[in-house]
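Summary of the model geometry
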Amino acid sequence: MTCHTDGRSINWLFNAMSLPLMERMKLTEDRRTLTIDPVRREDAGNYQCKVSNMFSSFKSAPVVLDVKY
């Protein structure tokens, strides 16, 4: 998943909570791209990126990851 922004501070949310990074999850250095490999059932849910600066913050619309097994 990629967060397309010019913002400096990017955080990822999972089901509206801060995403705890697991060993299977990788962020690019600029934190814009999240990769999950391998994907598991427990990864299913809503993902959002939250972009902040010193004046405001904005959350993207949720992207639903549906894991078929």
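All residue numbers refer to positions counted from 1 along the written sequence of the respective chain. Totals for whole chains, interfaces and linings use every residue, but because this is a predicted model, local features are given only for residues with pLDDT of at least 70 and side-chain atom pairs only at 80 or more, for both listing and counting. To obtain the side-chain values, all non-hydrogen atoms of the structure were included, while hydrogens and water were left out.

The name that an unreviewed UniProt entry assigns to the protein is Carcinoembryonic antigen-related cell adhesion molecule 21, with the source organism given as Myotis brandtii.

**Let's talk about the overall build of the protein**
Threshold: By definition, any uninterrupted DSSP run of H or I lasting at least four residues is a helix, any uninterrupted run of E lasting at least two residues is a strand, and each is numbered from the N terminus. It is over C-alpha atoms that the radius of gyration is taken, and the globule rule equals 2.2 Å times the number of residues to the power 0.38. Relative accessibility decides the category of a residue: with a 1.4 Å probe and only protein chains considered, values under 20% of the type maximum give buried, values over 50% give exposed, and everything between is partly exposed. Throughout, a residue-residue contact means that at least one pair of heavy atoms, one from each residue, lies within 4.5 Å. Under the convention used here, a 1.4 Å probe and the Shrake-Rupley method define accessible areas, while residue burial counts only the protein chains that appear. A residue counts as positive if it is Lys or Arg and as negative if it is Asp or Glu; His and the chain ends are not included. The location of each charge is read from NZ of Lys, CZ of Arg, CG of Asp or CD of Glu.
Tallying secondary structure elements over the protein gives zero helices and seven strands in all. Listing each helix as α and each strand as β along the protein from the N terminus yields β-β-β-β-β-β-β. Its C-alpha atoms give the protein a radius of gyration of 12 Å, near enough to 11 Å, the size a compact globule of 69 residues would have. Principal-axis analysis of the C-alpha atoms places the extent of the protein at approximately 40 × 20 × 20 Å. Of all 69 residues assigned to the protein, the portion counted as buried reaches 28%. If you take every contact in the protein between residues at least 6 apart in sequence, the share linking residues at least 24 apart comes to 43%. Carbon and sulfur atoms form 53% of the exposed surface of the protein, whose accessible area is close to 5200 Å². On the protein, the mean spot of the 10 positive side-chain charges and the mean spot of the 8 negative ones are 5 Å from each other.

**Examining the environment of Val64**
By the element assignment, Val64 lies in strand β7 (residues 63-65). A sequence separation of 20 residues divides Val64 from Ala44, and the C-alpha atoms of the two residues are 7.4 Å apart. When near neighbours in sequence (up to four residues on either side) are disregarded, Val64 contacts Gly45 and Asn46.

**What to know about the state of the cysteines**
Let me state the cut-off plainly: Disulfides are defined in this document as cysteine sulfur pairs within 2.5 Å.
As enumerated under the stated definition, the model contains one disulfide in all. Paired by a disulfide, Cys3 and Cys49 hold their sulfur atoms 2.1 Å apart. Looking along the S-S bond of the Cys3-Cys49 disulfide, the torsion reads about 70°, which is the right-handed sense. Of the two residues, Cys3 sits in the segment before β1 (9-14) while Cys49 sits in strand β5 (residues 45-52), which places them 46 residues apart along the sequence.

**Overview of the pattern of salt bridges**
What counts here: Only one rule defines a salt bridge in this text: a Lys or Arg side-chain nitrogen within 4 Å of an Asp or Glu carboxyl oxygen.
What the rule picks out here adds up to four salt bridges. Among the salt bridges present, the one from Arg32 reaches Asp30, with a minimum N-O distance of 3.9 Å. With a relative accessible area of 25%, Arg32 lands in the partly exposed category. As a salt-bridge pair, Asp66 and Lys68 come within 2.9 Å of each other at their nearest N and O atoms. For the pair Asp66 and Lys68, a shared accessibility class is recorded, and that class is exposed.

**Quick word on the environment of Lys59**
If you trace the backbone, Lys59 turns up in strand β6 (residues 57-59). Since its relative accessible area comes to 44%, Lys59 is described here as partly exposed. For the pair Lys59 and Tyr69, spaced 10 residues apart in the sequence, the C-alpha separation amounts to 29 Å. The residues touching Lys59, leaving out its near neighbours within four places in the chain, are Leu13, Gln48, Cys49 and Lys50.

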